[in-house]
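Spelled out, the chains give:
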Amino acid sequence: MQKKKELLEIADQLYTLGLQVERERAHLKSLVLAGVPYESEEMLRALITFQTLEKSWKQLEADYLSLRQEIERKSHPQTEE
């Protein structure tokens, strides 16, 4: 039961982090549309922020999928023939 609680907590974190990733993606797009130079400090800061959040999201997603698979294996053990 503890693992399922942990899975729900990770899912909640994924949702929240996903919102942050999308907000930063929109910010980057707005900078591009506004004509901010790619080499500018503002653009580089926004890009680094986005990449950092996206990397965190991908790692958290991998943790979630791994834990979910572990829970599924324990709840549906394979029977040997």
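These figures come from a predicted structure and were not determined experimentally.

Enquirer: Could you clarify how one ought to interpret the pattern of salt bridges in this entry?
Expert: Side chains that differ in charge, positive against negative, can pair when their charged atoms come close. The full count for this structure, using the stated rule, is 5 salt bridges. Residue Arg-25 pairs with Glu-22 through a salt bridge whose shortest N-O separation is 3.1 Å. Of this pair, Arg-25 and Glu-22 both sit in helix H1 (residues 2-33), separated by 3 residues, roughly a single helical turn. Residue Glu-41 is joined to Arg-45 by a salt bridge in which the shortest nitrogen-to-oxygen separation is 3.1 Å. A residue pair is termed a helical-turn pair when its members lie 3 or 4 positions apart in one helix, as Glu-41 and Arg-45 do in helix H2 (residues 41-75) at 4 residues. Of the residues examined, Arg-45 reaches a relative accessible area of 47% and is grouped as partly exposed. Three or more residues are tied together by salt bridges with common partners; here these are Lys-3, Glu-70 and Lys-74.

Enquirer: Before we go on, may I ask you to explain a negative patch on the surface in this structure?
Expert: Negative charge collects at one region of the surface, where Glu-6, Glu-9, Asp-12 and Asp-63 lie side by side. Counting residues per element, the negative patch draws most heavily on H1, which supplies 3 residues. Tracing the sequence through the fold places Glu-9 in helix H1.

Enquirer: Help me understand H2 in this model?
Expert: Helical periodicity: at 3.6 residues per turn, an α-helix aligns residues three or four positions apart in one direction. Helix length check: H2, at 35 residues, gives a terminal C-alpha distance of 51 Å against a target of 51 Å (1.5 Å per residue), a fit within 8%. Residues of H2 that are buried include every one of Met-43, Ala-46, Phe-50, Leu-53, Leu-60, Tyr-64, Leu-67 and Ile-71, and no others. Its buried side turned inward, H2 meets H1.

Enquirer: Would you take a moment to explain a nonpolar patch on the surface for this structure?
Expert: Residues Leu-44, Leu-47 and Ile-48 make up a contiguous nonpolar surface patch of roughly 250 Å² in combined accessible area. You can see Leu-44 is positioned in helix H2. Residue class for Leu-44 comes out partly exposed when judged on its relative accessible area of 42%.

Enquirer: What am I meant to see in H1 here?
Expert: An ideal rise of 1.5 Å per residue puts 46 Å on 32 residues; H1 measures up with 46 Å between its terminal C-alpha atoms. Restricting attention to buried positions, one finds in H1 the residues Leu-7, Ile-10, Leu-14, Leu-17, Gly-18, Val-21, Glu-24, Leu-28 and Leu-31. Lining the buried residues of H1 we find H2. Gly-35 occupies a position one or two residues after H1 and carries a positive phi of about 80°.

About the cut-offs
Positions within a chain are numbered from 1, following the residues in the order the chain's sequence is written. In keeping with the predicted nature of the model, local features appear solely for residues at pLDDT of at least 70, side-chain atom pairs appear and are counted solely at 80 or more, and the whole-chain, interface and lining totals rest on all residues. Calculation of side-chain values draws on the structure's entire complement of heavy atoms; hydrogens and water are dropped beforehand. The working definition used for a salt bridge is a side-chain nitrogen of Lys or Arg within 4 Å of a carboxyl oxygen of Asp or Glu. Numbered from the N terminus, helices here are DSSP runs of H or I no shorter than four residues, and strands are runs of E no shorter than two. Only protein chains enter the calculation, and the probe is 1.4 Å; a residue is then buried if its accessible area is under 20% of its type maximum, exposed if over 50%, and partly exposed in between. Patch definition: residues with relative accessible area over 30% and no salt bridge; like charges joined within 9 Å; nonpolar side chains (Val, Leu, Ile, Met, Phe, Trp, Tyr) joined within 5 Å. Each accessible area value is a Shrake-Rupley result obtained with a 1.4 Å probe; residue values ignore everything except the protein chains displayed when judging cover. Neither His nor the chain ends is counted toward charge; the positive residues are Lys and Arg and the negative residues Asp and Glu. Throughout, a charge is located at the NZ atom of Lys, the CZ atom of Arg, the CG atom of Asp or the CD atom of Glu. Here, expected helix span is obtained from the residue count minus one, scaled by 1.5 Å. Residue contacts follow a heavy-atom distance rule, with two residues in contact if any of their heavy atoms lie within 4.5 Å.

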